[in-house]
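# Observations on the three-dimensional arrangement
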Amino acid sequence: MASKKLVNSVTGCADEALAGLVACNPDLQMLQGHRVALRSDLESLRGRVALLSGGGSGHEPAHAGFINKGMLTGVIAGAVFTSPAVGSIVAAIRSVAQAGTAGTLLIVKNYTGDRLNFGLAREQARAEGIPVEMVVVGDDSAFASLKKAGRRGLCGTVLIHKVAGALAEAGVGLEEIVRRVSAAAAAMGTLGASLSSCSVPGSKPTFQLPDDEMELGLGIHGEAGVRRMKMATADELVKAMIDHMTDPSNESHVPVRAGSAVVLVVNNLGGLSFLELGIVADAAVRCLEARGVKIARALVGTFMSALEMAGVSLTLLLAEDALLQLIDAETTASAWPRVARVPVTGRPRSRAAPAEEPEGPEPAAAEGAASRRAALVLQRVCATLLGLEEHLNALDRAAGDGDCGTTHSRAAKAIQQWLEERPPPSRPDHLLSALARLLLEKMGGSSGALYGLFLTAAAQPLKTTAGLPAWTAAMDAGLEAMQRYGKAAPGDRTMLDSLWAAGQELRALQSPGANLLQVLSRAVQVSSSREGGGGEGWLVSPGAPCWGLRLQGGGLGVAPLSLCLGFLLREMDSGAFSGPAGLSHPAILWLVLLCVCVGREGRPPGRGRVCRDRDRLPAGLGSRASRGERESGLAQGPEMGGGPQPDWEGSGSQTPTPCLAQPQRVLGSPAAPSGPSSCRAPRLRRKPPRPWKPEPGEPVTSARPDWSSRTQGPWPPPPCSGPSWRPCRARPREPPPVGPLPPHPAPL
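Rules behind the numbers
Residues numbered from 1 in each chain as written. Predicted model: local features only at pLDDT ≥ 70, side-chain atom pairs only at ≥ 80, totals over all residues. Heavy atoms only, no water. Helix = DSSP H or I, 4+ residues; strand = E, 2+ residues; numbered from the N terminus. Polar contact = N/O pair within 3.5 Å; in protein donor to acceptor, adjacent residues only side chain to side chain. Contact = heavy atoms within 4.5 Å. Pairing = 2+ DSSP bridges. Axes fitted to C-alpha atoms, helices over the stretch in contact; angles between N-to-C directions. Salt bridge = Lys/Arg side-chain N within 4 Å of Asp/Glu carboxyl O. Buried < 20%, exposed > 50% of the residue type's maximum accessible area, 1.4 Å probe, protein only. pLDDT = per-residue confidence, 0-100.

## Brief notes about the side chain of Ser197
Structurally, Ser197 is set in the loop between β7 (188-194) and β8 (213-216). Side chain to side chain, Ser197 and Thr206 meet in a polar contact 3.0 Å long. A polar side-chain atom of Ser197 sits 3.1 Å from the main-chain carbonyl oxygen of Phe207. Not counting the four nearest positions on each side in its chain, Ser197 is found in contact with Pro205, Thr206, Phe207, Glu308 and Met309.

## Describing the sheet that holds strand β10 (residues 261-268)
If you trace the six strands from one edge of the open sheet to the other, you get β9-β8-β7-β12-β10-β11, paired in mixed fashion. One side of each edge strand has no neighbouring strand; the edge strands of this open sheet are β9 (227-230) and β11 (294-301). Put simply, the sheet's adjacent strands are angled 20° from each other on average, direction ignored. Two elements, β7 and strand β12 (residues 311-318), share seven bridges in a ladder whose sense is antiparallel. Residue pairing in the sheet places Gly189 in a bridge with Leu316 of β12.

## Notes on the environment of Met482
Along the chain, Met482 turns up in helix α14 (residues 468-486). Taking C-alpha positions, Met482 is 8.9 Å from Ala457, a pair spaced 25 residues apart along the chain. The contacts of Met482, once residues within four sequence positions are left out, are Leu450, Leu453, Phe454, Lys487, Met495, Leu496 and Leu499.

## A few points about the pattern of salt bridges
Pairing of side chains with opposite charge becomes possible as their charged atoms draw close. Under the criterion given, the structure shown has 24 salt bridges. Between Arg94 and Glu128 there is a salt bridge, and its shortest N-O distance comes to 2.6 Å. One end of the pair, Arg94, is in helix α2 (residues 86-98); the other, Glu128, is in the loop between α3 (112-127) and β6 (132-137), and 34 residues separate them in sequence. Classification of Glu128 as partly exposed rests on a relative accessible area of 41%.

## Describing the sheet that holds strand β2 (residues 36-39)
Across the sheet, six strands lie side by side as β1-β2-β4-β3-β5-β6; this open sheet has mixed pairing. Sheet topology places β1 (28-30) and β6 at the edges, where each strand pairs with a single neighbour. Put simply, the sheet's adjacent strands are angled 25° from each other on average, direction ignored. Alignment of β1 against β2, held across three bridges, turns out to be antiparallel. Bridge pairing links Met30 to Ala37 in β2. Across the face of the sheet, helix α1 (residues 13-23) comes into contact with β1, β2, β3 (50-57) and β4 (74-80) while running at roughly 145° to β1.

## Comments concerning the confidence of the model for the protein
A residue-level look at the protein finds 68% of positions with pLDDT of 70 or above and a mean pLDDT of 75. Mean pLDDT in the protein bottoms out at helix α18 (residues 580-584), which sits at 33, and peaks at strand β5 (residues 104-109), which reaches 98. Below a pLDDT of 50 lies the segment residues 531-687, which in the model reaches 478 contacts outside its immediate sequence neighbourhood of four places, other chains included. Segment residues 700-748: pLDDT under 50, and 132 contacts once partners within four positions in sequence are set aside and those in other chains are kept.

## Things to note about unusual backbone geometry
Looking along the chain, the bond that leaves Glu60 and enters Pro61 is cis, with omega of 10°. In this structure, Pro61 sits in the loop between β3 and β4. Even without a glycine there, the phi angle at Asn68 is positive, about 155°. Examined against the element boundaries, Asn68 turns out to sit in the loop between β3 and β4. We note that Leu307 has phi near 55°; this positive angle belongs to a residue other than glycine. Note that Leu307 resides in the loop between β11 and β12. Taking relative accessible area as the criterion, Leu307 reaches 21% and is therefore assigned partly exposed.

Take a look at the structure:
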């Protein structure tokens, strides 16, 4: 089967590609009746040498991208990977000769078809009395022993275009240009490497390359290279390429040694990403400089491609001052990059970062105890997030890009390392500012930016205000900053929903005599069950870290307060943070806002995949619970006032188990096993849900969670045994318990 190409027709693709370049570049013109592009100011070349080049199409931007002042006068293009017609070459020579030029130089890559057709055109033009010379460029350094046809012409040809163009622009004669560009071509070498093949429009790939292999030394038309090798890192590949290019036993090597100055060209063969190209360029610079080679100039980009081939070529040109002046000469060719006219080697590549402004003095008396309390809570939160990394990734894959756990695991590891290096600050504003800087630098993504913004803004009110009311002001400042820059609002199904709901509850701290434990407990409850826009709500399993799943938002959102507040309430109840100093310590209250609580900025509503078919939701994720069901207590767990909390310290049958018949709203503890529950669930539907079926082309066994477990077995399910995940029958709403919280299920 032919590969996919975005063309109008296979036969006309070369004509249309050249016409598109000319249409977008007023400095170029097409030669009527021929696939030839010329400078539009040919009359300005009177008395100077004209430069013509060309070859098969498919190597763009070569060669037409290098037409203009300071480089080529014109280009003759053939069909894809096909030499141009002799008649078109002769027509181009006649056109520049009629403009009054002082001769024409043909610059040709060393391929049989190009040599024959350009050579024949040269002979015809000379027979007409037109002075024409031809330089054949062969810069391939792949083969250790030269073949009769010589070295193939590769990306180094573009450097010859530049050298010859600068000489012609300066008014140098035809013979002198031939002599100097021939000398430059002899001091140059190119070697390519590819990760994939390429395909001519309308055809299959030119060769096959296994997924775990790459090819070294191949040509720009897919010609065979010198060897195939297993996939390697960029550093290993670049070292192998430079070793081969500079090996004296290689007859086509470049005589580069310590102390040599070179022009380096890192060329994209068409399908390599800019990310990979930059990595290869960095590896090439480091490899050459480690050998004592001076890089006088470096060009990185796409200069001569091979259609969509995912590969790269390296070109080394021995450079002297006179040659560098020609490389640096002015040109207006659209495909020639803007190259700095200074050596790459020897210049500083980094600048010292500005020193951070020193924080205010720390209170000496509170340093030890306060820092230890902060470190303890931070360590426990980080340990929990690390244990939940894979679980959160699995949940995020159901509604997002699957990196939620990885992102927050990265943040947790950064905080742990930070705690090993120094004790956390005891002043509230210092602690929040330090956490913000750490997350902005280490966490990455939108989560790092959101948390950093939130903590930075929240730290400002704490610089001048003390006491519990200051934390309400800090919370409001953080929320206002998130809404201003994140453009989210409560009800948009983002992490802001839970923070905003908890922030409203924390305003009770402004009242004199407010009970801190009760206020925080209420904040946990409302942040865990916060309704998103459109009537979507979140229910959580009791005693577990209170995660929330944005069913419509397209990603994993959470109740960030619940995890930290759960630790806080438990430790406060156990006496670890008892006393006025403990209750006012910033590390405790501000963990309400801590960056390591799981959350993501949401996508627009309706973009997620989870809720398009409620019957495909797995056990533990459940289907929708209507507003009426929530208000009546149906499907409410103990944390919503629905009954007692289960014992989390048991094992086996004591482990909380989801009731498969119960339409729960979100998740409970990580990795909750499936099994029988302790009650018969009320039948909330008139008929059983449809069994899960894979999407077309989707394998039955995949990396997704098992989405079929809810619909396995008879309907309705048999009576359950063992402790329930949550009471299934409706109960009147009860006030939330304020007593001791159960131990956290995640390993610490």
